[in-house]
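Below, each chain spelled out in residue letters.
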Amino acid sequence: MSEKLNIIVDSGEASARRDIVNILRLSGVDVKVQKLQICDYVVSDRVGIERKDSSDFLASMKDGRLFSQAKDMAGCYECPVMVLEGHLSKALHRSAMKPVAVYGALSSLSLDYGFSIIPTEDPETTAVLLQRLAYREQIKEQHQIQLRNVD
C-alpha cells in the first residue's frame, strides 16, 4: 500500500465544511467527494465517521436523527466513530436540554451502538483527527477504503 492517504467525504459535508476538506488536501490527503448514503467520512472498510458540531448534535437528538443515523452506521461499519466538534457545554448551556439527556444519548451511542466518541475543538483539529484515523487504518492496519450502504 502506498503512503498516500485517501478519505471519502460526503458531498453535503464537503459543501458545508470546505475548511476541513481544504486542510486535508493541503496536508496531502487524497480527498474524494461523493454522495454517501450514511456517515460524513469513510477512511476504511471498517471505519465510518459522523461529524457533528455541538449544536447539530443537540438538534439531531431533538429531531430524532441521531439514533437513526447511529443504527445505520453501526449496521454497516465495524468501528463507527462520532466526532463531536466544538464545546458541548456551551451549546448545552444555550439550549433548553438537560445534561442528563445529552449524556444519556452519548452513553447509548457508545454502549448500545459501539461508537467511539471523539471530541475535537475546531475544524483544524477535526482534520488532524481524520488524517490520523486514515493513517492508522490504511497504513498501519492495511485496510482498504470501502463504502458501505444500508440494506
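The following refers to the structure shown.

Scoring rules and cut-offs
- Residues numbered from 1 in each chain as written.
- Predicted model: local features only at pLDDT ≥ 70, side-chain atom pairs only at ≥ 80, totals over all residues.
- Heavy atoms only, no water.
- Buried < 20%, exposed > 50% of the residue type's maximum accessible area, 1.4 Å probe, protein only.
- Helix = DSSP H or I, 4+ residues; strand = E, 2+ residues; numbered from the N terminus.
- Arc of directions from axis to C-beta.
- Contact = heavy atoms within 4.5 Å.
- Pairing = 2+ DSSP bridges.
- Axes fitted to C-alpha atoms, helices over the stretch in contact; angles between N-to-C directions.

### Looking at helix 2 (residues 18-26)
Among the residues of helix 2, Ile 20, Val 21 and Leu 24 are the ones counted as buried. Looking straight down helix 2, one finds its buried side chains confined to an arc of 100 degrees; they lie on one side. Along helix 2, the residues that are exposed and aim more than 90 degrees away from the buried face are Arg 18 and Leu 26. Looking one or two residues past helix 2, Gly 28 carries a phi angle of roughly 100 degrees, positive in sign.

### Let's talk about the environment of Tyr 103
Examined against the element boundaries, Tyr 103 turns out to sit in helix 6 (residues 99-111). A sequence separation of 63 residues divides Tyr 103 from Asp 40, and the C-alpha atoms of the two residues are 22 Å apart. Discounting residues that sit within four places of it in the chain, Tyr 103 has contacts with Leu 88 and Leu 92.

### Some thoughts on the sheet that holds strand 4 (residues 48-53)
An order of 2-1-3-4-5-6 is seen for the six strands of this open sheet, with the pairing classed as mixed. With partners counted over all chains shown, the strands left at the sheet margins are strand 2 (30-34) and strand 6 (116-120), one partner each. The sheet contact formed by strand 1 (residues 6-10) and strand 3 (residues 41-42) spans two bridges and is antiparallel. Counted as the bridge partner of Ile 8 is Val 42 from strand 3. Seen against the sheet, helix 4 (residues 65-76) touches strand 4 and strand 5 (81-85) and runs at an angle of roughly 165 degrees to strand 4.

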